[in-house]
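Residues per chain, in single letters:
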Amino acid sequence: MMTPSALSCAAALLDIDLGAIAANWCLLASTTAPARCGAVVKADAYGLGAVPVVRTLLHAGCREFFVALVEEGVALRQALGGAWPADARLHVLHGALPGAERDCLAHGLLPVLNSLDQIERWQALAREQGRALPAAIQGDTGMARLGLSPVELARLDAEPARLDGIAATLVMSHLVSAEDAADPVNALQLQRFRALRARWPRAAGCLANSSGIFLGRDFHFDLSRPGAALYGVAPMTGRPNPMRAVVHLQGRLIQWREVAAGDAVGYNHTWTAARASRIATVSVGYADGYLRSLSSRAQLRFDGKTLPLVGRVSMDTVTVDATDVPADTLQPGALVDLIDSVQDINALAQQAGTNAYEILTSLGPRYRRQYLNDPRA
Ligand SMILES: *Cc1c(COP(=O)(O)O)cnc(C)c1O
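Conventions used here
- Residues numbered from 1 in each chain as written.
- Predicted model: local features only at pLDDT ≥ 70, side-chain atom pairs only at ≥ 80, totals over all residues.
- Heavy atoms only, no water.
- Helix = DSSP H or I, 4+ residues; strand = E, 2+ residues; numbered from the N terminus.
- Buried < 20%, exposed > 50% of the residue type's maximum accessible area, 1.4 Å probe, protein only.
- Contact = heavy atoms within 4.5 Å.
- Areas by Shrake-Rupley, 256 points an atom, 1.4 Å probe, with all protein chains shown as cover.
- Lys, Arg positive; Asp, Glu negative; His and termini not counted.
- Charge placed at Lys NZ, Arg CZ, Asp CG, Glu CD.
- Near = heavy atom within 4 Å.
- Polar contact = N/O pair within 3.5 Å; in protein donor to acceptor, adjacent residues only side chain to side chain.
- Nonpolar A, V, L, I, M, F, W, Y, C, P; charged D, E, K, R; others polar.
- Axes fitted to C-alpha atoms, helices over the stretch in contact; angles between N-to-C directions.
- Parallel < 35°, antiparallel > 145°, perpendicular 65-115°, else oblique.
- Left-handed = near helix turned anticlockwise from the far one by under 90°.
- Core = buried A, V, L, I, M, F, W, Y, C linked by side-chain atoms within 4.5 Å.
- Phe/Tyr/Trp six-rings, centres within 6.5 Å; stacked < 30°, edge-to-face > 60°.
- Lys NZ or Arg CZ within 6 Å of the ring centre and 35° of its normal.
- Salt bridge = Lys/Arg side-chain N within 4 Å of Asp/Glu carboxyl O.

K.L.:
I tried to follow the overall build of the protein on my own but got confused; where do I start?
P.N.:
Tallying secondary structure elements over the protein gives eleven helices and 19 strands in all. Expressed as a percentage of its 377 residues, the buried residues of the protein come to 51%. Here the contacts in the protein between residues at least 6 apart in sequence split such that 69% fall between residues at least 24 apart. Only carbon and sulfur atoms are counted for the fraction: they give 53% of the accessible area of the protein, which is about 16,400 Å². On the protein, the mean spot of the 35 positive side-chain charges and the mean spot of the 35 negative ones are 3 Å from each other.

Laid out in structure tokens, this is it:
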């Protein structure tokens, strides 16, 4: 397949502002200082490209990175090669699945140990290597997803030899509802995390995700792990978004037609023109992560004018009401904004009935990605 960037006219353009990502990290780092600030770059840095994002954040001074999977960590270390600084650490949030421990070790990845079983397997490798091996330890303070349960923690308390050979570098847990400052579960998790951390007094405490950073100093401990806010996701519901926008998405106008009042548009005729209308077709659809739940809800923009999305989102196209745009400006190939400063990822998520994380991680492989404002350039 030809890569989209090899073509002279790409059907859709995704601009990713590396300067904004660096600025967002600096804002989070200054908010948490003197505690350190890391970066979560799982799922290809939320769909934006882990390699350019990590290069940018290393340049900004970030030294603690987190991916979800061993595969992600291996790919990142291989892509960066000798550019990976000796003092940077790459943590694997899921830990190692059985058999993957050696890959972790060989590629310099630090597993997050989430269960007695993961601890046992990391300990076996340490024994075999004849030395203590570093790792992060995660306790469950309420998410019930990953991390040692209270029952498992009690076992460790009773049988401390289970931790022999494991050099705990980080002790961590994950917040359930940090974006909602009023949720009482935040205080409960904070209290449980303090008790968890007391078990590993020499390890760095690490609790806050993006939203947790904005819950205040009590949540910062030694290191935070923001992901979403780096990429422009609003960290707190009901508060202004302090993060800079990172993505700008544009599709192309393919063609347009006039329809009469009473004519319907698109699959299943879910939208009917109330007046004689000009309907334009744009080259982005749900196969590109422009979610089908946006049907008849989102708005696109052309020449500063709003074009309401009408009818169903198709796999490769959307249709918009361009009646208020002069016909002679609707040239094939013209760029139309789908994600911009007016309708950013946060607004679009609201229209789609999802969160901005899903908007970002759905951004499709057909877009021509352009990295702008690289602070290293
Ligand atoms: C994804 C993830 C993060 C980052 O969360 P954001 O809300 O994107 O800042 C932090 N910690 C863990 C354990 C995660 O899974």
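K.L.:
How should the site of the ligand be read in this particular structure?
P.N.:
Surrounding the ligand, one finds 13 residues, the nearest of these being Lys42, Tyr46, Ser210, Ala228 and Tyr357. Contacts to the ligand include Arg145, whose side-chain N or O atom sits 3.3 Å from an oxygen atom. A distance of 2.9 Å separates a nitrogen atom of the ligand from a polar atom in the side chain of Arg225. In isolation the ligand exposes 390 Å². Once the protein is present, 93% of that is buried. When its residues are assigned to classes, the shell around the ligand shows six nonpolar, four polar and three charged.

K.L.:
How should the environment of Met243 be read in this particular structure?
P.N.:
With respect to the helices and strands, the residue Met243 is situated in the loop between strand 10 (223-224) and strand 11 (247-259). C-alpha separation for the pair Met243 and Val112, spaced 131 residues apart in sequence, amounts to 28 Å. Contacts of Met243, omitting those with residues within four sequence positions, involve Asn24, Leu27, Leu28, Phe214, Ala229, Gly232, Val233 and Pro235.

K.L.:
Before we go on, may I ask you to explain the packing of helix 1 (residues 18-32) against helix 3 (residues 50-60) in this structure?
P.N.:
Angle between the axes and distance between the axes are the two parameters that describe a pair of packed helices. The N-to-C vectors of helix 1 and helix 3 enclose an angle of 50°; their axes lie 9 Å apart at closest approach. In terms of orientation, helix 1 and helix 3 fall into the oblique class. The crossing of helix 1 and helix 3 is right-handed. Residues Leu18, Ile21, Ala22 and Trp25 of helix 1 touch helix 3, and the partners they reach there are Pro52, Val53, Thr56, Leu57 and Ala60. For the contact of helix 1 with helix 3, a count of residues per class yields eight nonpolar, one polar and no charged.

K.L.:
Honestly, helix 3 in this entry has me stumped. Any pointers?
P.N.:
Residue pairs spaced three or four apart in an α-helix point in one direction, given the helix's 3.6 residues per turn. Every buried residue belonging to helix 3 is among Ala50, Val53, Val54, Thr56, Leu57 and Leu58, and all of these are buried. Where the residues of helix 3 are buried, they touch helix 1, strand 3 (39-40), helix 2 (42-46), strand 4 (64-67) and helix 4 (70-80). Just downstream of helix 3, Gly61 is the residue with a positive phi angle, here 115°.

K.L.:
Please explain the side chain of Gln118 as it appears in this structure.
P.N.:
Inspection of the secondary structure assignment puts Gln118 in helix 6 (residues 116-129). For Gln118, a relative accessible area of 10% puts it in the buried group. Look past the residues within four positions of Gln118 in its chain and what remains in contact with it is His94, Gly95, Ala96, Val112 and Leu113.

K.L.:
Help me understand the nonpolar core in this model?
P.N.:
One broad rule of soluble globular proteins: the nonpolar side chains tend to lie buried together. Membership of the largest hydrophobic core comes to 115 residues, with the highest contact counts inside it found for Phe65, Tyr231, Val247, Tyr290 and Leu300. Per-element tally for this core: the top contributor is helix 1, with six residues. Dropping the residues within four chain positions of it, Val247 is found in contact with Leu14, Asp15, Ile16, Leu48, Ile339, Ile345, Leu360 and Leu363. Counting six residues, the second-largest nonpolar core is a separate cluster that includes Val265, Trp271, Ala273 and Val310.

K.L.:
Help me out: how do you make sense of the packing of aromatic side chains in this one?
P.N.:
To describe a pair of aromatic rings, one takes the distance between the centres and the angle between the planes. Considering all chains together, one arrives at four aromatic pairs under this definition. Ring geometry for Tyr46 against Tyr357: centres 6.1 Å apart, planes inclined by 35°, an arrangement best described as tilted. Placement of Tyr46 in helix 2 and of Tyr357 in helix 11 (residues 356-362) is noted, with a sequence separation of 311 residues between them. Here Tyr46 falls in the buried class, since its relative accessible area comes to 6%. Residue Tyr357 is classed as partly exposed on the basis of its relative accessible area of 31%. Among the aromatic residues, ring-to-ring pairing joins Tyr46, Tyr231 and Tyr357 into one connected group. Taking NZ or CZ as reference, Arg278 lies 5.6 Å from the ring centre of Trp256, over its face.

K.L.:
So what exactly am I meant to see when it comes to the pattern of salt bridges here?
P.N.:
Across all of its chains, the model carries 20 salt bridges by this definition. Across the salt bridge formed by Asp157 and Arg199, the nearest N and O atoms sit 2.6 Å from each other. Taken together, the residues Asp157 in helix 7 (residues 150-158) and Arg199 in the loop between helix 8 (185-197) and strand 9 (204-206) connect sequence positions 42 residues apart. Residue classification places Asp157 among the partly exposed residues on the basis of a relative accessible area of 46%. When its relative accessible area of 33% is taken as the criterion, Arg199 is described as partly exposed. Asp321 is the partner of Arg275 in a salt bridge, and the nearest nitrogen-oxygen pair spans 3.5 Å. In this pair, Arg275 sits in the loop between strand 13 (271-272) and strand 14 (277-282) while Asp321 sits in strand 17 (residues 318-321), placing the two residues 46 residues apart along the sequence. What makes Arg275 partly exposed here is its relative accessible area of 38%.

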